Amino acid sequence: MACGIVAVATEPGRLGKALGRVIRDSLKYLEYRGYDSVGFALITNEGELVIRKSKGMLDLVEAKLGFSYYDGLVGIGHTRWATHGAPSDINSHPHTDCKGSVAVAHNGIIENYLSLKEELLRRGHTFTSETDTEVVPHLMEEFKKLGLTPYEAFKKAVSMLRGAYALVAIDLDERDKVFFAKGTSPLIVGFGSGFNFLASDIPAFLRYTNRVLVLMDGEVGYITSRGVVVERLRASDGGFTTSIATSEPVDFTWRVKVIDWTPEMAMKGGYPHFMLKEIHEQPEALTLTLSGLVGISEKVVPILARADKVLVVGAGTSYHASLIGSLLFNNLAELWSSAMISSEARWYLRSVGDNDVVIAVSQSGETIDTLLAVREAKRRGAIVIALSNVVDSAIPRESDLSIYMRAGPEIGVAATKTFTAQVAVLTYLAAKAGERRGVINGKYLDGVVGDLRRAPSLISRVISVYEGRIRRIAGMLASKQSAFYLGRGLGLPVSMEGALKLKEVAYIHAEAYPAGESKHGPIALIEEGFPVVFTSLGREDGELLKSNIEEMKARYAWIIAVTPKGSEEITKLVDDVFEMPPMKYEASPVVYIVPYQLLAYYTAVSKGYDPDKPRNLAKTVTVV
Ligand code: M6R
């Protein structure tokens, strides 16, 4: 995700313009995914592999490199959203091998690239970039040297990769083919007559064809101008030997669909709004977030584990993720930790010093309140760690260390997938720091991390089971003026995030409150039909929440609850319940927030609002 890929194989003149131009125009339709660099590679009619790439926006890069003028029969294009290696000309895709005969573009993260790179370096390969992607052309080169055909070498290279990828490759030794592979990151085939496309998203080729095949994980193959071959790759890679990665043909004909979307609908993946698309993208985004964490946490966890205090700062949704992080640092790692709203942080940062860590949480990496907190923390000598979704944005640039969420660009103003990514990262770090400090044992750590890794599939399940019901409840909520969201422990920041979503997109006054505190004042507002939403993340919460629910019930409130499956005591008390998969308490916020995101979305839609553009709000806030 995030990066954009386009690849074309065509008969001469079939697309009505030079192939470079076709690729450039197609990349234009992927700009919405966000990017920092652009590149393309094409095999010319004269049999030369041309690669042009640069940091910068498409139109400027095109003006500088003029790649639209090149023509040929196969070509690939890429918009890069940096994950490994800063945005730069050299790190831009496509990447090539030592001989310059292969060009590869990639979207995703290759988790085991360092060990592959070490082996390739030992075998005499020279690398030019800092990217994970560059191992792929060198692997192909290595296997061709060992006697495999280009396609065999490609499949063999793919079989050695761990992580997430959509890959396209062209090779001077097989000039009519574009090879492809899909694992987690999206890749779609567009079928034409005398040409075929591959792309990260349908709008890239919708001008030329509306016959599409959404590739599935584990599929590899190639396109030519005349046809498409899809195979399922077998798991075993056989290491750096001549053994071939076996594959079997896939009959995909029944999966080819004709779509009737406009380009704008296609950009939203067929969803009516980006917010809904991004809610549905969470399983994929989280998979990428988690796969990118192992390496960076080796650097960050020792620093956290020896800190005196860990302060977590953020604004809005990022503050709610910070609250979850700080509660977990306290509970899993017994580290003194507090979360602060960025714009208030200056009043608390006076007491931080050299032995303290400040984690600055910001999706955009540009929120000025958070940036000012970073500057203040640095001035006082604290180690600052940025947690952001945008590589090289201001907050990571000014911090000592950066962790990127890799959740892909978020276009809807209301943060959804970046919240679950932030929470997953902070939970992972707190659990790792806890183990390192001897507060939790390896088994406990594995339980928490294991449940984070299960979260993508659990989210998919929650969405598919509850979306319809949430829609109906949203229709009822739409007529209300106010709502309470009550929770305890980790359930409180989940409630706060749920309430913020409802305020932002449905313009309903929603207040989150500690459930136990509600009887100390807010309960005065309750009257018949007043919506009160309870978040219970575990059995213990449930026990404590029971009496709070009874208090609301006695006043005829409309009670909705999000609670683990099997909490009969709660289920029988409430009017509407979303029974969630039981999980380790610490990992559950990542999944339990999802019904609230959908509830806010559908309430906004049922009131006739556009959830992607809430009034008075901007995606990035750069004023104090
Ligand atoms: O980019 P940041 O995470 O720093 O943004 C912070 C807030 O402005 C942001 O979370 C805001 O509250 C969103 N609209 C939440 O949906």
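Note that the coordinates shown come from a computational prediction; the quantities given were computed from them, not determined experimentally. (Residues numbered from 1 in each chain as written. Predicted model: local features only at pLDDT ≥ 70, side-chain atom pairs only at ≥ 80, totals over all residues. Heavy atoms only, no water.)

S.K.: Even after reading the chapter, I still don't get the packing of helix H9 (residues 293-305) against helix H13 (residues 417-436), so can you show me in this structure?
M.R.: The relative placement of two packed helices is expressed as an angle between their axes plus a distance between the axes. For the pair H9 and H13, interaxial distance at closest approach is 9 Å and the crossing angle is 55 degrees. Between H9 and H13, the angle is such that the two are oblique. For the element pair H9 and H13, the recorded crossing hand is right-handed. Of the residues in H13, those in contact with Leu 293, Val 294, Ser 297, Val 300, Val 301, Pro 302, Leu 304 and Ala 305 of H9 are Val 425, Tyr 428, Leu 429, Lys 432, Ala 433 and Arg 436. When grouped by side-chain class, the residues that make up the contact of H9 with H13 number 11 nonpolar, one polar and two charged. (Axes fitted to C-alpha atoms, helices over the stretch in contact; angles between N-to-C directions. Helix = DSSP H or I, 4+ residues; strand = E, 2+ residues; numbered from the N terminus. Parallel < 35°, antiparallel > 145°, perpendicular 65-115°, else oblique. Left-handed = near helix turned anticlockwise from the far one by under 90°. Contact = heavy atoms within 4.5 Å. Nonpolar A, V, L, I, M, F, W, Y, C, P; charged D, E, K, R; others polar.)

S.K.: How should the pattern of salt bridges be read in this particular structure?
M.R.: In a structure, side chains of opposite charge can pair up when their charged atoms sit close to one another. Applying the stated rule across the entire model yields 33 salt bridges. Where Glu 119 meets Arg 122, a salt bridge forms, and the shortest distance between an N and an O atom there is 2.8 Å. Placement of both Glu 119 and Arg 122 in helix H3 (residues 113-122) is noted, with a separation of three residues, approximately one turn of the helix. The exposure class assigned to Arg 122 is exposed, which follows from its relative accessible area of 64%. Among the salt bridges present, the one from Asp 173 reaches Lys 144, with a minimum N-O distance of 2.8 Å. Of this pair, Asp 173 sits in the loop between strand S7 (163-171) and strand S8 (174-183) while Lys 144 sits in helix H4 (residues 135-145); the two residues are 29 residues apart in sequence, bridging distant segments of the chain. (Salt bridge = Lys/Arg side-chain N within 4 Å of Asp/Glu carboxyl O. Buried < 20%, exposed > 50% of the residue type's maximum accessible area, 1.4 Å probe, protein only.)

S.K.: Please clarify how the domain arrangement of the chain should be interpreted in this entry.
M.R.: How large an interface is tends to be reported as the accessible area lost when its parts come together. Taken as a whole, the chain is organised into domain 1 (4-264) and domain 2 (274-606). Between domain 1 and domain 2, the C-alpha centre-to-centre distance is 37 Å. Each partner contributes to the interface: domain 1 provides 16 residues, whereas domain 2 provides 15 residues. Both faces combined, the contact of domain 1 with domain 2 buries some 1200 Å², and carbon together with sulfur accounts for 67% of it. Ranking the residues of domain 1 by area buried against domain 2 places Tyr 32, Trp 81 and Ile 109 at the top, with a combined share of 41%. On the surface where domain 1 and domain 2 come into contact, there are zero salt bridges. (Domains from an automatic or database assignment. Buried area = accessible area lost by both parts, 1.4 Å probe.)

S.K.: Is there a simple way to think about the pairing of S8 in this case?
M.R.: Every other side chain in a regular strand lies on the same face of the sheet, so the side chains alternate between the two faces. Most of S8 is tucked away: eight of the 10 residues are buried. Alignment of S7 against S8, held across six bridges, turns out to be antiparallel. Bridge assignment links Leu 167 to a residue of S8, and that residue is Ala 181. Counted along the chain from S7 to the antiparallel partner S8, the turn is two residues long. Strand direction decides the pairing type here: S8 and strand S12 (residues 219-223), joined by five bridges, are antiparallel. What sits directly across from Val 178, in S12, is Ile 223. (Pairing = 2+ DSSP bridges.)

S.K.: Would you take a moment to explain the site of the ligand for this structure?
M.R.: The ligand sits among 13 residues. The nearest are Ser 318, Ser 362, Ser 364, Thr 367 and Glu 504. Within the side chain of Ser 362, one N or O atom sits 2.6 Å away from an oxygen atom of the ligand. Take Glu 504: an N or O atom from its side chain is 2.5 Å from a nitrogen atom of the ligand. Looking at the shell around the ligand, the elements with two or more residues in it are helix H10 (317-333) and helix H15 (491-506). Within the shell around the ligand, the residues separate by chemical class into four nonpolar, seven polar and two charged. (Near = heavy atom within 4 Å. Polar contact = N/O pair within 3.5 Å; in protein donor to acceptor, adjacent residues only side chain to side chain.)

S.K.: Explanation requested: the sheet that holds S7 in the structure shown.
M.R.: To summarise the sheet geometry, strands pair through backbone hydrogen bonds and adopt either a parallel or an antiparallel arrangement. Read from one edge of the open sheet, seven strands run S5-S6-S7-S8-S12-S13-S14, paired in antiparallel fashion. At either margin of the open sheet sits one strand with a lone partner, and together these are strand S5 (95-96) and strand S14 (247-249).

S.K.: Help me understand the sheet that holds strand S21 (residues 482-487) in this model?
M.R.: The parallel open sheet is built from five strands, whose spatial order is S22-S21-S23-S24-S25. What marks the edges here is a single partner per strand, and that holds for strand S22 (509-514) and strand S25 (576-580). In this sheet, neighbouring strand axes are inclined to one another by 15 degrees on average, regardless of whether the strands run parallel or antiparallel. Contacting S21, S22 and strand S23 (531-535), H15 crosses the sheet at an angle of about 175 degrees to S22. Across the sheet, helix H19 (residues 594-606) lies against S21, S23, strand S24 (558-564) and S25, angled at about 155 degrees from S23, the strand it touches most.

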